[in-house]
Structure formats: structure tokens, C-alpha cells
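What follows is the residue order along each chain.
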Amino acid sequence: ILKDMIGFIQKNYDQKISLDEIARAGYVGQSKCCRLFREYIGQTPMAYLTQYRLNKSLRLLKNTDMTITEIALSVGFNGNSYFAEIFKKNYGKTPLEFRTSKKT
């Protein structure tokens, strides 16, 4: 069940995904979906999705010349400002600061 839900996230991370869609990928209800993620992954399905998107964005920041906005949209964030806020909360730097530090 968990493998199916994680696979769904990894396949569709670049699109808008709801908790219901993640749960349906594992053929379970939302509460069981959340319980399984907490038990085996240690975070909520939506937190896992956000972390997965951030991990994808790191590679793009290091290896492409895409703009920050293009990266944010390509990994499934709705816009640059929320992406930058979550990125800084997780990594202590804005995406631009991260990119600049990796080029030096």
C-alpha cells in the first residue's frame, strides 16, 4: 500500500496532488494513508511530498540554468514565493543563495 502511494507521489510530484489522491493510489482512506506514512516514513504524506519536491529542486538548482520560478513550477510548487519560503525553512538559505553558494 505504502509503496503504491509513494510511487504515485514520485510519478506525479510535479502536478497538484491532494491527500485524497495519494490515499486512493494505495486503495485506502485518508486516515489510514496518514497513519501508514507516520508509522513507516515518520511524516505526513503532504510533508513527504514537499520534501520530495525540495529534493528535486536541489538537483535543478545545481545542474541547470532554469530560473527559480521555472524550477518551482517544474517540481510542483504553485509559485516562487511559497517555494522560497519552504526552501529557506528547510535549508537555511533561499534557492538563489543556495545556487550561488554551489557555483563558488
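These notes cover the structure that comes with them. (Residues numbered from 1 in each chain as written. Predicted model: local features only at pLDDT ≥ 70, side-chain atom pairs only at ≥ 80, totals over all residues. Heavy atoms only, no water.)

Counted according to the given criterion, the structure contains 1 salt bridge. Put simply, Arg 24 and Asp 20 hold a salt bridge, and the shortest N to O gap is 3.0 Å. A residue pair is termed a helical-turn pair when its members lie 3 or 4 positions apart in one helix, as Arg 24 and Asp 20 do in helix H2 (residues 19-25) at 4 residues. (Salt bridge = Lys/Arg side-chain N within 4 Å of Asp/Glu carboxyl O. Helix = DSSP H or I, 4+ residues; strand = E, 2+ residues; numbered from the N terminus.)

Working definition: an aromatic ring pair is given by the centre-to-centre distance plus the angle between the planes. Using the criterion set out here, one finds 8 aromatic pairs in the structure. Centre to centre, the rings of Phe 87 and Phe 98 are 5.7 Å apart; their planes meet at 70°, and the pair counts as edge-to-face. Here Phe 98 lies in helix H7 (residues 95-103) and Phe 87 lies in helix H6 (residues 80-91), a separation of 11 residues in the sequence. The same class applies to Phe 87 as to Phe 98, namely buried. Taken together, the aromatic side chains of Phe 77, Tyr 82, Phe 83, Phe 87, Tyr 91 and Phe 98 make up a single cluster linked through ring pairs. In this arrangement the basic side chain of Arg 53 is found over the ring face of Phe 77, its NZ or CZ atom lying 5.9 Å from the centre. (Phe/Tyr/Trp six-rings, centres within 6.5 Å; stacked < 30°, edge-to-face > 60°. Buried < 20%, exposed > 50% of the residue type's maximum accessible area, 1.4 Å probe, protein only. Lys NZ or Arg CZ within 6 Å of the ring centre and 35° of its normal.)

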